[in-house]
Amino acid sequence: MNTAVLRTEFRLFRREPGAVFWIFLFPTLLLVILGSIPSFRDADKALGGLRPVDAYTPIAVLIALIMSGVQSLPQALTGHRERGILRRMRLTPVRPSTLLSSQMVVQGTVALASALLALAVGRLAFGVRLPEQPAGYLLALLLATAAALALGSVVSALSRTTKVAGAIGSAVFFPMMFCAGVWLPVQEMPHTLARVVQLTPFGAAARALGEAAAGDWPGWAHLGVLAGWTVLLTAGAARWFRWD
């Protein structure tokens, strides 16, 4: 990977205050707002004895991934395409694929940093326990990040302009937020709905992160769903992506 391109993409990202806020700060801010509600700090039998703030901490982590993959990455890549940056790169020794990989590193790094911030604030402000199975949690988090970026790459591949990318991203964004458990934690969903949701990348990620946070190794079925979606979406992005 070309480090100069990577540094440039990081600088460009920092100049987008909206992206910085929604990916890096908003998930933690939402967790703080929810954690400030007294009832969210009381144990809930429907959540297996967990407090709602405990259950929403993994969800805050997933929000950062969804924001990064579905909203920020497609806007950045289609913006480069609209401005002819990808076309001009073909005349230089730097391959357009270098820009794609650099963008994925930037978005993934910021999303992971946001996840760490949410975990730290949850622990310090509300006594949320750190993941009791850290290795499993890290594996699930990395697979979820890969799936989010692969999904964003598909949105980029199907979008010719930033307006189209925004429209497709929004159409994908809200179902993925639902599957992650933003409005109703997966643990509280009716059995049939929960089984369907767990076949989606973020539904599987929510379950895997929740299991690892509780001290269990993430279910291999959930990890397999994440890996399967990553492979499938990556193949689709490679098939449909156009540089100009």
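Basis of the calculations
- Residues numbered from 1 in each chain as written.
- Predicted model: local features only at pLDDT ≥ 70, side-chain atom pairs only at ≥ 80, totals over all residues.
- Heavy atoms only, no water.
- Helix = DSSP H or I, 4+ residues; strand = E, 2+ residues; numbered from the N terminus.
- Rg over C-alpha atoms; globule rule 2.2 N^0.38 Å.
- Buried < 20%, exposed > 50% of the residue type's maximum accessible area, 1.4 Å probe, protein only.
- Contact = heavy atoms within 4.5 Å.
- Lys, Arg positive; Asp, Glu negative; His and termini not counted.
- Charge placed at Lys NZ, Arg CZ, Asp CG, Glu CD.
- UniProt positions renumbered as here; feature names shortened; annotations may be inferred.
- Salt bridge = Lys/Arg side-chain N within 4 Å of Asp/Glu carboxyl O.
- Phe/Tyr/Trp six-rings, centres within 6.5 Å; stacked < 30°, edge-to-face > 60°.
- Lys NZ or Arg CZ within 6 Å of the ring centre and 35° of its normal.
- Axes fitted to C-alpha atoms, helices over the stretch in contact; angles between N-to-C directions.
- Parallel < 35°, antiparallel > 145°, perpendicular 65-115°, else oblique.
- Left-handed = near helix turned anticlockwise from the far one by under 90°.
- Nonpolar A, V, L, I, M, F, W, Y, C, P; charged D, E, K, R; others polar.

Across its full length, the protein chain holds 10 helices and zero strands. When the helices and strands of the protein chain are listed from N to C terminus, the series reads α-α-α-α-α-α-α-α-α-α. Relative to its length of 244 residues, the protein chain is compact, with a C-alpha radius of gyration of 18 Å against a globular reference of 18 Å. Projecting the C-alpha coordinates of the protein chain onto the three principal axes gives extents of approximately 60 × 35 × 30 Å. Of all 244 residues assigned to the protein chain, the portion counted as buried reaches 49%. Here the analysis covers contacts within the protein chain between residues at least 6 apart in sequence; of these, 74% occur between residues at least 24 apart. Side-chain charges in the protein chain split into 21 positive and 11 negative, and the spacing between the mean points of these groups amounts to 13 Å.

This part is about the UniProt feature "transmembrane region" (unreviewed entry) in the protein chain. According to UniProt, the "transmembrane region" (unreviewed entry) feature falls on residues 20-40, 55-77, 98-125, 137-158, 165-186 and 220-241. In residues 55-77, helix accounts for 100% and strand for 0%; the two terminal C-alpha atoms are 33 Å from one another. Note that residues 137-158 is 100% helix and 0% strand, and that its end C-alpha atoms are spaced 32 Å apart.

On inspection of all chains with the given rule, the structure shows two salt bridges. One salt bridge connects Arg 51 with Asp 54, and the closest N-O pair in it is separated by 2.9 Å. Looking at Asp 54, the relative accessible area reads 17%, which means it is buried. A salt bridge links Arg 129 to Glu 132; its shortest N-O distance comes to 2.7 Å. Residue Arg 129 is classed as exposed on the basis of its relative accessible area, which comes to 51%.

Another aspect to go through is the packing of aromatic side chains. The final tally for this structure, using the stated rule, is six aromatic pairs. Between the aromatic rings of Trp 217 and Trp 220, the centroid separation amounts to 5.8 Å while the plane-to-plane angle is 40 degrees, which identifies the pairing as tilted. The class of Trp 220 is exposed, set by a relative accessible area of 62%. In textbook terms, an aromatic cluster arises when at least three aromatic residues are bridged by ring pairs, as seen for Phe 21, Trp 22 and Phe 26. Seen from the ring of Phe 241, Arg 81 lies directly overhead, with NZ or CZ sitting 4.9 Å from the centre.

Here the focus is the packing of helix α6 (residues 134-158) against helix α9 (residues 201-213). For the pair α6 and α9, the least separation of the axes is 9 Å and the interaxial angle reads 165 degrees. With respect to α9, the axis of α6 lies roughly antiparallel. The two elements α6 and α9 meet at a crossing, and its hand is left-handed. Along its contact with α6, which presents Gly 136, Tyr 137, Ala 140, Leu 141, Ala 144, Ala 147, Ala 148 and Leu 151, the element α9 presents Pro 201, Phe 202, Ala 205, Ala 208, Leu 209, Ala 212 and Ala 213. Grouping the constituent residues of the contact of α6 with α9 by class yields 14 nonpolar, one polar and no charged.

Before going further, it helps to examine the environment of Leu 142. Tracing the backbone through its elements, the reader meets Leu 142 in helix α6. Linking Leu 142 and Leu 112, residues 30 residues apart in sequence, is a C-alpha distance of 8.5 Å.

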